[in-house]
Amino acid sequence: MDSILVTGNGPLHGQIPIAGAKNACLALMPVTLLSDEPLTLTNAPRLSDIKTMTMLLQSVGAEVTEMQDGKVIALTSHGLNSHTADYEIVRKMRASNLVLGPLLARMGKAVVSLPGGCAIGARPMDLHVEALEALGAQIELKDGYLHAEAPGGLKGAVHEMRFASVGATENVVMAATLAKGTTVLKNAAREPEIVDLVHCLRKMGAQIEGEGTSTITIEGVDRLHGATHQVVTDRIELGTYMLAPAICGGEVELLGGRLDLVGTFCEKLDAAGIDVQETPNGLKVSRRNDRVRAVDVTTEPFPGFPTDLQAQMMALLATADGVSVLEEKIFENRFMHAPELTRMGANIDVHGGTATVTGVERLKGAPVMATDLRASVSLILAGLAAEGETIVNRVYHLDRGYEHVEEKLQAVGAKIERIKSQ
Ligand code: UD1
């Protein structure tokens with residue numbers, strides 16, 4: 001397995017282009033299952049998770065073709081021949097569960113393995129199941145698979161989710177586009193990826209209102225037609241690279257960056273002493289003083305602080321002046337980067353869902369282990385600011401979510417290289 005060698009070397013200067021959002025693209029690709037006409041996605045990120053979704057869609061009979069080196073994905077689903085999402089593919093990535101709603105709506109049946117993905121908590125499917133049952137689906141768990149059926153078709157309903165799950169919102173919105181009648185989804189997730197999904201579905205003829213708010217109303221239609229859609233900018237890649245000059249000093253412009261995508265993340269950066277300015281091409285980030293200040297962070301659904309930026313923020317706060325308290329409210333086991341950062345000299349005390357970070361003068365390079373996608377990149381950020389060399393081992397998770405990470409960071413002056421496994 002490859003590893004990444006990072007050498008701490010001072011301030012970063014230059015520009016980093018931000019790719020299309022992995023999480024938006026993973027929800028947009030299954031949209032193909034709802035229509036027999038072509039769907040073309042532009043600005044797609046080149047990531048292994050996207051390849052996993054391609055394999056999954058092909059396994060049920062969709063045609064998926066990558067163009068322009070993977071930046072454009074053409075999808076067609078006129079000859080679907082299976083309604084089963086196999087464990088061998090689903091175990092690699094939780095977002096595979098996003099085929100459940102569309103398969104059920106289009107084929108009246110779906111058999112989807114319970115998912116895998118990052119080992120950051122229990123990540124059950126109960127909210128997806130409850131919401132689809134409200135639309136008339138009958139769902140049973142057998143041999144590790146969800147067996148879903150809607151013999152008479154899905155029917156619109158009013159449903160309030162117990163928690164604003166991103167994936168469950170996406171599954172329900174997709175399924176409800178082809179249901180009979182009106183669906184009102186309350187306590188829906190408000191993430192930009194959901195807004196992007198709705199924009200694409202609307203281009204295909206879906207009747208949806210309320211995206212970006214906690215009530216989404218979907219009027220079912222008989223069929224959806226083809227469309228071309230540009231995937232929204234990746235707010236998590238954006239936030240991650242905003243933290244690079246915050247941690248190392250210097251000034252970096254994030255091309256394609258937008259303030260509306262990062263919610264309250266920017267307020268926390270400001271409180272820590274980081275300047276963020278809008279430019280004609282994106283966002284420019286720099287540190288006001290040599291050291292940053294401690295801030296308390298609680299992860300929440302959008303527009304609150306994203307759980308997917310918590311590990312990277314911890315890397316920043318590891319060398320802040322003062323004590324920061326980080327509360328993880330979305331996933332119960334998402335501090336696996338803490339012991340790795342501690343190996344680099346950070347002072348972090350974890351109790352349940354709370355991590356107390358006492359800033360140290362400087363981190364020191366060390367061999368560390370990447371435990372999940374966002375943890376991997378937090379260790380790279382920490383390594384950029386540490387004294388000496390850091391080797392991040394087991395980086396396969398990184399390639400699931402960050403395209404060309406070494407090239408992007410090298411372009412702003414970072415010393416980072418990939419060591420290929422033999
Ligand atoms: C999506 C993102 C992921 C991000 C997460 C939270 C994708 C592909 N992934 O994941 O990067 O970290 O949102 O912003 O978009 N839950 C249940 N029952 C369910 C579903 C979820 O209890 O049926 C729980 C989960 O265990 C977790 C919380 O709800 O604790 C949030 O999950 P959810 O919003 O569904 O996240 P995902 O859609 O899986």
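The structure under discussion appears in the preceding block.
Residues numbered from 1 in each chain as written. Predicted model: local features only at pLDDT ≥ 70, side-chain atom pairs only at ≥ 80, totals over all residues. Heavy atoms only, no water.

Undergrad: Give a description of the environment of Ala294 that names residues and reports values.
TA: The residue Ala294 is located in the loop between strand E17 (282-287) and strand E18 (297-298) in this model. With relative accessibility at 22%, the residue Ala294 sits in the partly exposed group. A C-alpha to C-alpha distance of 36 Å links Ala294 and Lys92, two positions 202 residues apart in sequence. Other than its neighbours up to four places away in sequence, Ala294 contacts Leu317, Ala320, Asp321, Gly322, Val323 and Ser324. (Helix = DSSP H or I, 4+ residues; strand = E, 2+ residues; numbered from the N terminus. Buried < 20%, exposed > 50% of the residue type's maximum accessible area, 1.4 Å probe, protein only. Contact = heavy atoms within 4.5 Å.)

Undergrad: With reference to specific residues and values, describe the environment of Leu238.
TA: Structurally, the position occupied by Leu238 is in helix H8 (residues 235-248). Sequence-distant contacts of Leu238, that is, excluding residues within four places in its chain, are made with Ile18, Leu254, Gly257, Arg258, Val262 and Leu283.

Undergrad: So, the site of the ligand: which residues are in play, and what are the values?
TA: Taken together, 18 residues sit near the ligand, with Asp126, Leu127, Ser165, Asp308 and Ile330 positioned nearest. For the ligand, whose free accessible area comes to 740 Å², the fraction covered by protein is 86%. When contributions to the shell around the ligand are tallied by element, the ones reaching two or more residues are helix H5 (126-134) and helix H6 (166-176). Per element, the largest residue contribution to the shell around the ligand is three residues, and it comes from H5. Here the residues of the shell around the ligand are counted per class, giving eight nonpolar, five polar and five charged. (Near = heavy atom within 4 Å. Areas by Shrake-Rupley, 256 points an atom, 1.4 Å probe, with all protein chains shown as cover. Nonpolar A, V, L, I, M, F, W, Y, C, P; charged D, E, K, R; others polar.)

Undergrad: Could you give me a rundown of the packing of aromatic side chains, with the residues and numbers involved?
TA: Ring pairs (aromatic) are described by centroid distance and by the angle formed between their planes. Applying the stated criterion to the full structure yields two aromatic pairs. Taking the centre distance of 6.4 Å and the plane angle of 80° together, the rings of Tyr241 and Tyr402 count as edge-to-face. You can see Tyr241 sitting in helix H8 and its partner Tyr402 sitting in the loop between helix H13 (396-401) and helix H14 (405-410), a full 161 residues away along the chain. (Phe/Tyr/Trp six-rings, centres within 6.5 Å; stacked < 30°, edge-to-face > 60°.)

Undergrad: Give a description of the sheet that holds strand E10 (residues 158-160) that names residues and reports values.
TA: The mixed open sheet is built from four strands, whose spatial order is E10-E11-E13-E12. Looking at the sheet topology across the chains shown, the edges are occupied by E10 and strand E12 (207-209). Within the sheet, the average angular offset between the axes of one strand and its neighbour, ignoring direction, is 15°. Pairing between E12 and strand E13 (residues 215-219): three bridges, direction antiparallel. Pairing of Gln207 across the sheet is with Glu219, part of E13. (Pairing = 2+ DSSP bridges. Axes fitted to C-alpha atoms, helices over the stretch in contact; angles between N-to-C directions.)

Undergrad: Tell me what's going on with empty space enclosed by the protein, and back it up with residues and numbers.
TA: Over the atoms a probe the size of a water molecule is rolled, and this reveals where empty space is left. In total, this model carries one cavity of 30 Å³ or more according to the counting rule given. Size it by volume and the largest cavity reaches roughly 30 Å³. Lining the largest cavity are Ala21, Asn23, Glu193, Asp234, Arg235, Ile236 and Arg374. Tallied by class, residues from the lining of the largest cavity come to two nonpolar, one polar and four charged. (1 Å grid on protein atoms, 1.4 Å probe; cavity = no way out; pocket = protein on both sides within 12 Å on 5 of 7 lines; lining within 4 Å. Points joined across faces, edges and corners; volume = space filled by probe spheres on them.)

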